[in-house]
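Survey of secondary and tertiary structure
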Amino acid sequence: MTGAKIETVDPDVSREEMDAILKRDGCIIVRDAIDHTTIDALLADLDPFLGRKACGNGNFVGFSTKRLHSLFGKSSRVQDFIIHDDVLKVMDLTLAPWCDSYQLNSNSITAIGPDETPQPLHRDDLLYPLAHPSERNACSSVFWALTDFTEENGATRIIPGSHLWDDDRVPQDEETVGAVMSKGSFCVFVGGTYHGGGRNTTADEWRIAMFTGFALGWLRQEQNWYLSVTPEEVRAMPERMARLLGFNLHKPFLGWVQDFQDPYDVINGYEELSSGGSDLYAEGQERPIPGSKVA
Ligand SMILES: O=C(O)CCC(=O)C(=O)O
Ligand SMILES: [Fe+2]
């Protein structure tokens, strides 16, 4: 330990205070942001899948850790943790300054079981060829505590301030701090922050997290949502959720379909062909203007 700590704030913390902490530390814990009833309902939906899921078999994915993916088809509660106001407030601060719209990068359950060894320390923005420190944050990671996170059961280890380090500095275990937090809280860190899953020294406790990663809207997403969710599932979602998955047009014209249509309109049944296209965002327009119908 170096004396560094991870700041814990209440959900009603001001944007200014949160921004200052994130800029300085690269990480923050938001305490008690979701109620236990919602968590227990999610865990009940996922329990059969987690029960039969095998543990990982590798240094990075662990040997006593279960990872569950494609959660949208497994529980209707998943979106409550993604389009959560407090989570989006952090993304507005850490990603919105560098894109028109940010997007969901990855979503999974990480359940660290008894006897797990620590995960190697890493930066989640290793997905992208970035030099550090980078003025533009590429991605931000959210870990929802679906159980209490303790020093003993594998709370994520984070090095506050390491988002400001250059690429030569090697992170040391002694520099990490455990993201100790109560069930219903979440920790967030920006992409350049060194971290890793913690050691679980308990005899019988599973530390269960929902990982929810976000990235700038102009980057390739870590998970390919277009093949992970069905069109029916997308149509049943709130618009914000569908757009975060990538059924969205990033200004000025990234990701269009057919004749410059917004993917959100197309997945919802817009089929007309345009007569040749027009500027997607005319001056003063909040939404793209789809091509006009061929007569
Ligand atoms: O489960 C954790 O606490 C951290 C996992 C992680 O950082 C990862 O898999 O990238
Ligand atoms: Fe990670």
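Residues numbered from 1 in each chain as written. Chains lettered and ligands numbered in written order. Predicted model: local features only at pLDDT ≥ 70, side-chain atom pairs only at ≥ 80, totals over all residues.

1. Re the pairing of strand β5 (residues 139–145)
With seven of its seven residues buried, β5 lies for the most part within the structure. Here seven bridges tie β5 to strand β10 (residues 207–215), and the two strands are oriented antiparallel to one another. From the neighbouring strand, Val 142 faces β10, where its bridge partner is Thr 212. Two strands pair when backbone bridges link them, and β5 and strand β8 (residues 186–190) are joined in this way by five bridges, in the antiparallel orientation. Within β8, the position partnered with Ser 140 by the bridge is Val 190. (Buried ≥ 20, exposed ≤ 12 C-beta atoms within 10 Å, placed from the backbone. Helix = DSSP H or I, 4+ residues; strand = E, 2+ residues; numbered from the N terminus. Pairing = 2+ DSSP bridges.)

2. Some points on the packing of helix α1 (residues 15–25) against helix α4 (residues 85–94)
Where α1 contacts α4, the axes come no closer than 10 Å and their chain directions differ by 60 degrees. When the axis of α1 is compared with that of α4, the two are oblique. At the point where α1 passes α4, the crossing takes the right-handed sense. Together, Arg 15, Met 18, Asp 19 and Leu 22 of α1 and Lys 89, Val 90, Leu 93 and Thr 94 of α4 make up the contact between the two elements. (Axes fitted to C-alpha atoms, helices over the stretch in contact; angles between N-to-C directions. Parallel < 35°, antiparallel > 145°, perpendicular 65-115°, else oblique. Left-handed = near helix turned anticlockwise from the far one by under 90°. Contact = placed C-beta atoms within 7 Å.)

3. Looking at the domain arrangement of the chain
Where interface size is quoted, it is often the accessible area lost as the parts come together. What the domain assignment lists for the chain is domain 1 (8–227) and domain 2 (249–295). Between the C-alpha centres of domain 1 and domain 2 there is a distance of 34 Å. (Domains from an automatic or database assignment.)

4. Things to note about the nonpolar core
In terms of nonpolar packing, the biggest core is built from 63 residues, with Ile 28, Trp 144, Ala 179, Phe 186 and Cys 187 touching the most fellow members. Those residues in contact with Ile 28, other than ones at most four positions away along the chain, are Ile 6, Glu 7, Val 9, Met 18, Ile 21, Leu 22 and Val 188. (Core = buried A, V, L, I, M, F, W, Y, C linked by C-beta atoms within 7 Å.)

5. Structural notes on the site of ligand 1
Taken together, Thr 110, Gln 119, Asp 124, Phe 143, Thr 156, His 195, Gly 196, Gly 197 and Ala 209 are the residues near ligand 1. Residue classes in the shell around ligand 1 are distributed as two nonpolar, six polar and one charged. (Near = placed C-beta within 6 Å. Nonpolar A, V, L, I, M, F, W, Y, C, P; charged D, E, K, R; others polar.)

6. Remarks on unusual backbone geometry
In this model, His 132 is joined to Pro 133 through a cis peptide bond whose omega is -5 degrees. Looking at the secondary structure, you find Pro 133 in the loop between β4 (103–112) and β5. Following Lys 251, the chain continues into Pro 252 via a peptide bond in cis, with omega recorded as 5 degrees. If you check the backbone angles, Ser 70 has positive phi at about 45 degrees while not being a glycine. Residue placement: Ser 70 occurs in the loop between β3 (65–68) and α3 (78–82). Despite not being glycine, Asp 115 shows a phi value in the positive range, around 75 degrees.

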